[in-house]
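Residues per chain, in single letters:
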Amino acid sequence: MTDFFQGIAPITYEGPESDNPLAYRHYNPDEVVAGKRMEDHLRFAVAYWHSFAWEGGDPFGGQTFIRPWHPQDSMETAKAKADAAFEMFRILGQPYFCFHDADVRPETGSFAGNLAGLQEMTDVFAAKMEETGTKLLWGTANMFSHRRWMSGASTNPDPDVFAFAAATVKSCMDATQALGGENYVLWGGREGYETLLNTDMGRELDHMGRFLTMVVEYKHKIGFKGQILVEPKPQEPSKHQYDYDAATCFGFLQKYGLENEVKLNLEQGHAILAGHSFEHEIATAAALGVLGSIDMNRNDYQSGWDTDQFPNNVPEVALCYYHILKAGGFTTGGTNFDAKLRRQSLDAEDLIAAHVGGMDICARGFKAAVAMQEDGGLEKALSERYAAWESAEARAMLGSDLESIAARVLADGVNPEPVSGRQEMLENYVNRFV
């Protein structure tokens, strides 16, 4: 127990009529939906970095959160942070959490010091996970905050930085393995460029491809059974990031022969920055066979940066989970709240309420998605729209050639008439469920 969350009882499901701001109104972890407990479908995780490492700063102002574990500069404060984190996990009851190495141990300025701190905190986490039952959805390395990473990690022009990055990722994979993590994520916030004037793009892409290959090789060497995930983002902090979006990442994986080894961890806010919807990124990854896990949040549509707010839009969330369900649902992946409080939301209750609201929004959206899937209206509309492709003649055309097809068009007088796409009808259909 810690004093930070003093007076806040474990959150329970009270149903949609409850007016208790610290109760689940829609998320009932034990409710069976589509043959599984809701907890097992959604697989919620808390992000250690936004909830406990972030101090409330923004580009125009510094720290607004004054926490008992600030400043985060010693093993003592790292352990105090862990105490608070696992107390919050006990209150929320979510099954998973996620972390970067830099979230959980102090920065020492050397790899040996960082490694010692991470190994000590891995032991602390293992004991707390055993005590609480909270599991690790994924671990990852922060290779973007410290000044050593300013020109990239695996794409850095300095080979020593590449080496430091390799050692750092190995240590984080070892920690993830030791803690029973179900995935390992790589997000390359500095793997891109600020200007092409000082960038050898071909060399950097090759180095990034080799680095990811080393990660996969090490995964197999240590017998890690989890999934390796790459997280797309188009820019910020880099002007241009190489893993721009789902389609770009898939092309990269194919080029370096990794498309059967690596899947994607998709984030709503990153999809918006790339000019896409979240459902687009999920549908793209699913179509390409690389859908792994999701970071659930939202961006402020008036802002041009990654605001990482908690989700609050049921229709958007419903369509995202609809495409996840179409793809078969999560396996090792889950729903990580890569979301942070607004810098004016100072209280411990704010941190709890944000996660409660996020889980409720996801539960509402998920149940709407299940209802749409069970009703079958969208799949029926798709089947009808593409029905002509089920004919023997249409299927044979795909194995034909341009000359033969052109001859048939002339001989048969093929002159197609457009058919309505019925978008408004389908949007109205979705609105029945959300």
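Residues numbered from 1 in each chain as written. Predicted model: local features only at pLDDT ≥ 70, side-chain atom pairs only at ≥ 80, totals over all residues. Heavy atoms only, no water.

**A closer look at the overall build of the protein chain**
Thinking step 1. A tally of regular secondary structure across the protein chain gives 16 helices and 12 strands.
Thinking step 2. Relative to the 2.2 N^0.38 estimate, which gives 22 Å for 434 residues, the radius of gyration of the protein chain is 24 Å and therefore close to what a compact globule would have.
Thinking step 3. The buried share among the 434 residues of the protein chain stands at 50%.
Thinking step 4. In the protein chain, the proportion of contacts linking residues at least 24 apart, taken out of those at least 6 apart, comes to 76%.
Thinking step 5. With the model as given, the accessible surface of the protein chain reaches about 20500 Å², and the carbon-plus-sulfur share is 53%.
Thinking step 6. For the protein chain, the centre of its 37 positive side-chain charges and the centre of its 62 negative side-chain charges are spaced 2 Å apart. (Helix = DSSP H or I, 4+ residues; strand = E, 2+ residues; numbered from the N terminus. Rg over C-alpha atoms; globule rule 2.2 N^0.38 Å. Buried < 20%, exposed > 50% of the residue type's maximum accessible area, 1.4 Å probe, protein only. Contact = heavy atoms within 4.5 Å. Areas by Shrake-Rupley, 256 points an atom, 1.4 Å probe, with all protein chains shown as cover. Lys, Arg positive; Asp, Glu negative; His and termini not counted. Charge placed at Lys NZ, Arg CZ, Asp CG, Glu CD.)

**Examining the layout of surface pockets**
Thinking step 1. The calculated volume of the largest pocket comes to roughly 1300 Å³.
Thinking step 2. As for the largest pocket, its lining consists of 48 residues, of which His50, Trp54, Asp306, Asp308 and Lys340 are closest to the centre.
Thinking step 3. Of all elements in the fold, only α2 (48–53), α3 (75–92), α4 (101–104) and β5 (135–140) reach the threshold of two or more residues within the lining of the largest pocket.
Thinking step 4. Along the lines of polarity and charge, the residues of the lining of the largest pocket split into 16 nonpolar, 14 polar and 18 charged.
Thinking step 5. Here the second largest pocket is characterised by a volume of approximately 720 Å³.
Thinking step 6. Looking at the lining of the second largest pocket, the elements that each hand over two or more residues are α11 (314–326), α13 (377–385) and α16 (423–431).
Thinking step 7. In terms of residue count, α13 provides more of the lining of the second largest pocket than any other element does, six residues in total.
Thinking step 8. Across the lining of the second largest pocket, the residue classes tally to nine nonpolar, five polar and seven charged. (1 Å grid on protein atoms, 1.4 Å probe; cavity = no way out; pocket = protein on both sides within 12 Å on 5 of 7 lines; lining within 4 Å. Points joined across faces, edges and corners; volume = space filled by probe spheres on them. Nonpolar A, V, L, I, M, F, W, Y, C, P; charged D, E, K, R; others polar.)

**Focus on the packing of α13 against α16**
Thinking step 1. For the pair α13 and α16, the least separation of the axes is 10 Å and the interaxial angle reads 160°. Viewed along their axes, α13 and α16 adopt a mutual orientation that is roughly antiparallel. For the crossing formed where α13 meets α16, the hand is left-handed. Across the interface between the two elements, Gly377, Leu378 and Ala381 of α13 pack against Leu426, Tyr429 and Val430 of α16.
Thinking step 2. Looking at the contact of α13 with α16 residue by residue, the class counts come to five nonpolar, one polar and no charged. (Axes fitted to C-alpha atoms, helices over the stretch in contact; angles between N-to-C directions. Parallel < 35°, antiparallel > 145°, perpendicular 65-115°, else oblique. Left-handed = near helix turned anticlockwise from the far one by under 90°.)

**Overview of the nonpolar core**
Thinking step 1. By size, the foremost hydrophobic cluster in this structure holds 109 residues, and its most contacted members are Phe5, Tyr48, Phe52, Phe125, Leu212, Tyr321 and Ile352.
Thinking step 2. With 14 residues, the top contributor of residues to this core is helix α12 (residues 348–375).
Thinking step 3. Setting aside residues no more than four positions away along its own chain, Tyr48 makes contact with Ala53, Ala78, Lys81, Ala82, Ala85, Phe89, Phe97, Cys98, Phe99, Asp103, Val104 and Phe125. (Core = buried A, V, L, I, M, F, W, Y, C linked by side-chain atoms within 4.5 Å.)

**Regarding the side chain of Lys219**
Thinking step 1. You can see Lys219 is positioned in helix α7 (residues 201–222).
Thinking step 2. Although Lys219 is buried, it forms no salt bridge, and the closest oppositely charged side chain is Glu261 at an N-O distance of 4.7 Å.
Thinking step 3. Ignoring any residue separated from it by four or fewer positions in sequence, one finds Lys219 in contact with Met173, Phe224, Gly226, Gln227 and Ile228. (Salt bridge = Lys/Arg side-chain N within 4 Å of Asp/Glu carboxyl O.)

By themselves, these are just geometric observations and shouldn't be taken as functional.
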